[in-house]
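Descriptive structure summary
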Amino acid sequence: MRIALSQLTTGADPEKNLRLIEEWTSRAAEASARVVVFPEASMACFGTDLTAVAEPLDGPWATAVREIAEAAHIVVVAGMFTPAADGRVANTLLATGPGVEASYDKIHLYDAFGYAESETVAPGERIVTIDVAGVRLGLATCYDVRFPELFRAHADAGAMATLLAASWGAGPGKADQWELLVRARALDATVWVAAVGQADPAASGVVARGTAPTGIGHSALVGPDGTLRHRLDAEPELLVADVDVDEVAAVREKIPVLANRRLGV
């Protein structure tokens, strides 16, 4: 399966970000990708008033993404914000396109490194997978990568890969942690991990202010044996790569960590 990772920098205006999604989706489709994955907060970057921009899944922003996916004949996965029942918002991944319509609300909230996502975002509860061309894919968002049980749950549900959308916070050692965690989760669950983050705003001449996680780039595709297959640098770029789903079974035969588990999931 050919997938595309769209490492871009989104701003505070959801309409302008839609145009970016349309442009990059077209590029991914031209490269014959079946799925294009956009970062967390593709609707509007962190540091924005999320309550003001949040819309339901049947609202105009999500509807526009569906139309983009339909026109390009490709599955689009993109981060947005939807209203939550308690007045906060949900940090939502919308997955839409040929034969696919699903959403995942981020389960693990980024209350770390001096940032409190839970002040404005309500946690999700459901593990979500989608099927694209007969291949099952799990959905995860940013801070989820620190919790291996979610990725193992994807594998238990039959997923061959996890699509991880992020807007990774910058800081000392954070790029190293990102690569380490993405590779570890692939090896923990013996799945492919396609991890796409917001590009580093500085690479586009944008000065990031405050503690909001606005991205560092370094999107990556990791094999089910934990090896790094492709990686981007900090600037906006489209990564298109083929995922060999048959490799998952081969790795699980050699490294049967899922079958050998004795504790939990």
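Relevant structure appears above.
An account of the accompanying structure is given in this report. As the structure is a computational prediction, the values presented were derived from the model and not from experiment. (Residues numbered from 1 in each chain as written. Predicted model: local features only at pLDDT ≥ 70, side-chain atom pairs only at ≥ 80, totals over all residues. Heavy atoms only, no water.)

Whenever strands of a sheet pair, they do so through backbone hydrogen bonds, lying parallel or antiparallel. If you walk across this open sheet you meet the six strands as β9-β10-β11-β12-β13-β14, and the pairing is mixed. Because the sheet does not close on itself, it has two edges, and the strands there are β9 (129-132) and β14 (228-231). Between one strand axis and the next, the sheet turns by 20° as a mean value, whatever way the strands run. For strand β13 (residues 220-222) and β14, the ladder comprises three bridges, and the chain directions are antiparallel. Counted as the bridge partner of Ala 220 is Arg 231 from β14. Here helix α4 (residues 148-156) sits on the sheet in contact with β9, β10 (135-141), β11 (161-166) and β12 (192-197), set at roughly 165° to β10. (Pairing = 2+ DSSP bridges. Helix = DSSP H or I, 4+ residues; strand = E, 2+ residues; numbered from the N terminus. Axes fitted to C-alpha atoms, helices over the stretch in contact; angles between N-to-C directions. Contact = heavy atoms within 4.5 Å.)

Take the pattern of salt bridges next. Tallied over the entire structure, the rule returns 13 salt bridges. The salt bridge involving Arg 66 is made with Glu 101; its shortest N-O contact spans 3.0 Å. Here Arg 66 is found in helix α3 (residues 60-72), whereas its partner Glu 101 is found in strand β5 (residues 100-105), with 35 residues between them in sequence. With a relative accessible area of 47%, Glu 101 lands in the partly exposed category. When the shortest N-O distance is used, the salt bridge between Asp 131 and Arg 136 registers 2.8 Å. Overlapping salt bridges bring together Glu 40, Lys 106 and Glu 117 as one network. (Salt bridge = Lys/Arg side-chain N within 4 Å of Asp/Glu carboxyl O. Buried < 20%, exposed > 50% of the residue type's maximum accessible area, 1.4 Å probe, protein only.)

On to a nonpolar patch on the surface. A cluster of nonpolar residues, Leu 187, Ile 255 and Val 257, forms a patch on the protein surface that exposes about 190 Å² of accessible area. Examined against the element boundaries, Ile 255 turns out to sit in the segment after α6 (246-254). Assessed through its relative accessible area of 31%, Ile 255 is described here as partly exposed. (Patch = residues over 30% accessible without salt bridge, like charges linked within 9 Å, V, L, I, M, F, W, Y side chains within 5 Å. Areas by Shrake-Rupley, 256 points an atom, 1.4 Å probe, with all protein chains shown as cover.)

Looking at α4, one finds that the buried residues are Pro 148, Leu 150, Phe 151, Ala 153, His 154 and Ala 155. Looking at the residues trailing α4, positive phi occurs at Gly 158, about 100°.

Let us now look at α6. Within α6 the residues assigned to the buried category are Glu 247, Val 248 and Val 251. Looking straight down α6, one finds that the buried residues subtend no more than 105° of arc, so they occupy a single side. In α6, those exposed residues whose orientation departs by more than 90 degrees from the buried face are Asp 246, Ala 249 and Glu 253. Next to the buried residues of α6 lie β12 and β14. (Arc of directions from axis to C-beta.)

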